[in-house]
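The chain contents come next:
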Amino acid sequence: MRWENGRRSDNIEDRRGMRVNGRGLAGGGIGAIILALVAMYFGVDPSVILNQAGSLAPTQETHQPAPSNPEEDKLKDFMSVVLADTEDVWGTLFKESGKSYQPPTLVLYSGAVQSACGFAEAAMGPFYCPGDHKLYLDMRFFNDLAKRHDAPGDFAQAYVVAHEVGHHVQTLLGISDKVNAARRRASEAAGNALQVRMELQADCFAGVWAYHANQARHVLEPGDTEEALAAAAGVGDDRLQQQARGYVVPESFTHGSSAQRMRWFSRGMQGGDPGQCDTFKATRL
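Starting afresh in each chain, residues are numbered from 1 along the sequence in its written order. Per-residue local features of the predicted model are confined to residues with pLDDT of at least 70, and side-chain atom pairs are confined, for both listing and counting, to 80 or more; whole-chain, interface and lining totals are unaffected and use all residues. The basis for every side-chain value is the complete set of heavy atoms in the structure, and neither hydrogens nor water enter the calculation.

Draft legend 1. Fine view of the overall build of the protein chain. Each helix corresponds to a stretch of at least 4 residues labelled H or I by DSSP, and each strand to a stretch of at least 2 residues labelled E; elements are numbered beginning at the N terminus. Check the secondary structure of the protein chain and you find 10 helices and eight strands. Per-residue accessibility, obtained with a 1.4 Å probe over protein chains only, is compared with the maximum for each type, and a residue is labelled buried under 20%, exposed over 50%, and partly exposed between these values. Residues classed as buried in the protein chain amount to 50% of the 285 residues present. Any two residues whose heavy atoms approach within 4.5 Å are treated as being in contact. The long-range fraction of contacts in the protein chain, counting pairs at least 24 apart against all pairs at least 6 apart in sequence, stands at 78%.

Given below as structure tokens:
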């Protein structure tokens, strides 16, 4: 990915080296943390559990300067360019539709972090918290993405950020509130099906970003699209469940299969039209 000459975003909060004392989940406690970890392992969005874990208990955070790490510093610089690209793309698209885009903040942390959605550990993977409009990422996740999910490369990493920004877009458009309200009224299976459609839409929105970023700055290099598709496939529910359980239960999917995730990312990337990302009206996912 050609990124070095791109604009850098200031909407990054670096909490690397900050230690979180306490678990911050009154009404949920260690049980909620374990459930969230298990959920992530089986491909479930941990924020779904964190948002239901109860009110937040007081926590204390102490900051110690993160050790100098040239590799992570370069990766942070890369993340700031990707985030800036999403700001430019969605800012323009929102303006064209008569809306105002409010950029999210990317929080970089190490080990554990406290968000408005609750306490989170790095094992949960990247997540978006609608309560504070922030994306949370331990950059060491990208090692897991490359090794466990067979998705190395900088554009695979960019896809991860763009997907979480997609959830922010859903929040700003009111989609998340409507889906969460519908899920509370639905059965578990129906609720999972709605969550799948929301995740696939975020994949499509990531593709929309990729299309417009490339149109504006020609960021794509040979193999970049394949890297993003590999990342989408690597975190498909069917693949994660096969790795974890040895078998697949489609009724429990919450993010979509590898094929579905690749299909919807590709759909967004084909023409860059967010209107083509309405997974909720789609008869075929």
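From this point, the discussion proceeds with the structure in view.
Draft legend 2. Quick look at the pairing of strand β8 (residues 134–137). Every second residue of β8 is oriented toward a common face, with Lys-134 and Tyr-136 on one face and Leu-135 and Leu-137 on the other, all of them buried. Where strand β4 (residues 105–108) meets β8, four bridges bridge the pair, whose relative direction is parallel. The residue bridging Val-107 from the neighbouring strand is Tyr-136, located in β8. Pairing between two strands requires that DSSP report at least two bridges joining them. Bridge analysis of strand β7 (residues 127–129) against β8 gives three bridges, and the strand direction is antiparallel. The residue of β8 that forms the bridge with Phe-127 is Tyr-136. In this structure, the hairpin formed by β7 and β8 is closed by a connection of four residues, where His-133 is found at a positive phi of approximately 55 degrees.

Draft legend 3. Up close: the state of the cysteines. Any two cysteine sulfur atoms within 2.5 Å of one another count as a disulfide. Counting across every chain of the model gives two disulfides. Disulfide partner of Cys-117: Cys-129, at an S-S distance of 2.2 Å. Linking Cys-117 and Cys-129, the disulfide has an S-S dihedral of approximately 95 degrees and is accordingly described as right-handed. Here the residue Cys-117 occupies a position in the loop between β5 (112–115) and β6 (118–121), and Cys-129 occupies one in strand β7, the gap between them amounting to 12 residues.

Draft legend 4. How the structure looks around the sheet that holds β4. On the basis of which strands lie adjacent, the open sheet formed by four strands has the order β1-β4-β8-β7 and mixed pairing. Two strands close off the open sheet at either side, each with one partner strand: β1 (12–14) and β7. On average, each strand axis in the sheet is inclined to that of its neighbour by 25 degrees, with strand direction left out of account. For every element, the axis is a line fit to its C-alpha atoms; helices are fit only across the contacting stretch, and the angle between N-to-C directions ranges from 0 to 180 degrees. Running over the sheet, helix α3 (residues 70–96) touches β1, β4 and β8 and is turned about 155 degrees from β1.

Draft legend 5. Region of the structure containing the pattern of salt bridges. Salt bridge, as applied in this entry: a Lys or Arg side-chain nitrogen positioned within 4 Å of an Asp or Glu carboxyl oxygen. Considering all chains together, one arrives at 13 salt bridges under this definition. Salt-bridge contacts for Asp-14 lead to Arg-16; the nearest nitrogen and oxygen are separated by 2.7 Å. Residue class for Arg-16 comes out buried when judged on its relative accessible area of 9%. The shortest N-O distance in the salt bridge between Arg-217 and Asp-85 comes to 2.9 Å. Here Arg-217 is found in helix α7 (residues 188–217), whereas its partner Asp-85 is found in helix α3, with 132 residues between them in sequence. Given a relative accessible area of 27%, Arg-217 falls into the partly exposed group. The exposure class of Asp-85 is buried, given its relative accessible area of 6%.

By themselves, these are just geometric observations and shouldn't be taken as functional.
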